[in-house]
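# Examination of the molecular architecture
Spelled out from the first residue to the last, the chains are:
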Amino acid sequence: MTDTKPDLKGRLALVTGASRGIGYFLAKELAACGAHVIAVARTVGGLEELDDEIKTAGGEATLVPLDLTDMAGIDRIGGAIHERWGKLDIMVANAGILGVIAPLGHVEAKVFEKVMNINVTGTWRLIRTVDPLLRASDAGRAIVMSSGAAHSARAFWGPYAASKAAVEAMARSWADETKNMPLRVNSVNPGATRTAMRAQAMPGEDPETLPHPSEVAAKILPLASPELTETGLIFDVKKNHFTRYQMPQ
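Residues numbered from 1 in each chain as written. Predicted model: local features only at pLDDT ≥ 70, side-chain atom pairs only at ≥ 80, totals over all residues. Heavy atoms only, no water.

### Remarks on the UniProt feature "domain: Ketoreductase" (unreviewed entry) in the protein
As recorded in UniProt, the sites labelled "domain: Ketoreductase" (unreviewed entry) are residues 11-188. In residues 11-188, helix accounts for 51% and strand for 17%; the two terminal C-alpha atoms are 21 Å from one another. (UniProt positions renumbered as here; feature names shortened; annotations may be inferred. Helix = DSSP H or I, 4+ residues; strand = E, 2+ residues; numbered from the N terminus.)

### Overview of unusual backbone geometry
Positive phi is not limited to glycine here, since Phe156 has a value of about 80°. A relative accessible area of 46% means that Phe156 is categorised as partly exposed. One non-glycine residue with positive phi stands out, namely Asn240, at about 60°. Assignment of secondary structure puts Asn240 in the loop between strand 7 (234-236) and strand 8 (241-243). (Buried < 20%, exposed > 50% of the residue type's maximum accessible area, 1.4 Å probe, protein only.)

### Concerning the environment of Arg84
Turning to its location among the elements, Arg84 is positioned in helix 3 (residues 71-84). Residue class for Arg84 comes out exposed when judged on its relative accessible area of 54%. With sequence-adjacent residues up to four places away left out, Arg84 is seen in contact with His36 and Thr62. (Contact = heavy atoms within 4.5 Å.)

### Here's the deal with helix 3
Spanning 14 residues, helix 3 covers 21 Å between terminal C-alpha atoms, matching the ideal 20 Å at 1.5 Å per step. In this structure, the buried side of helix 3 is in contact with strand 1 (12-16), strand 2 (36-41) and helix 4 (109-135). Positive backbone phi, approximately 80°, marks Gly86, located one or two places after helix 3. (Expected span 1.5 Å × (residues − 1).)

Now the structure itself:
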């Protein structure tokens with residue numbers, strides 16, 4: 001994967017979870033490359049800070065304060081984009097929650113349901129509302145954030161691992177449905193990153209030993225390029241290349 005920044009002038013990019021972490025810095029990267037960024041997050045302060053930074057750098061953004069448990073709100077995004085722009089070029093499904101690190105039998109039902117609701121159902125609702133808009137682009141690009149947890153399925157990570165495995169399966173199905181179109185759909189394993197979610201999961205870890213989210217965002221940015229040809233794969237940020245899926249052996 002090349003580290004060359006793509007030319008995104010005139011392109012429209014939607015980023016969820018844009019108020020902090022990887023989503024925040026990826027939104028900045030997309031705007032710096034010329035895209036108009038639709039930044040979605042529940043934290044208004046973080047969105048306003050992002051907006052200030054994007055505009056100071058000469059970019060453009062539209063802020064959408066939205067809690068992704070608001071499924072009807074997610075559904076309205078597609079209609080609003082269609083009315084104003086008629087298409088969408090880039091979607092980054094980044095928002096997600098960890099839940100708890102605990103034995104499966106000890107996880108409260110309401111915690112499990114919230115993880116699935118935001119990470120899986122929320123992502124599906126987002127895909128559903130923007131799918132026609134991405135198909136209307138001459139080079140639609142969908143970037144779905146996953147995790148190595150989807151494959152390692154480590155002890156105590158059950159709800160989060162299951163949610164990310166489900167998200168990857170949806171992305172793969174969507175990629176297969178659209179493989180003969182200009183739309184490209186890929187998942188991303190960002191690896192351990194210096195974020196609030198990582199600190200929640202690994203409180204004893206020294207965050208300074210981990211890549212900053214701005215570094216990770218810069219590696220993901222090329223997946224938004226109109227020149228991208230890969231689809232239905234997972235991009236490993238640490239290895240800086242795509243990985244193909246294999247059936248269990």
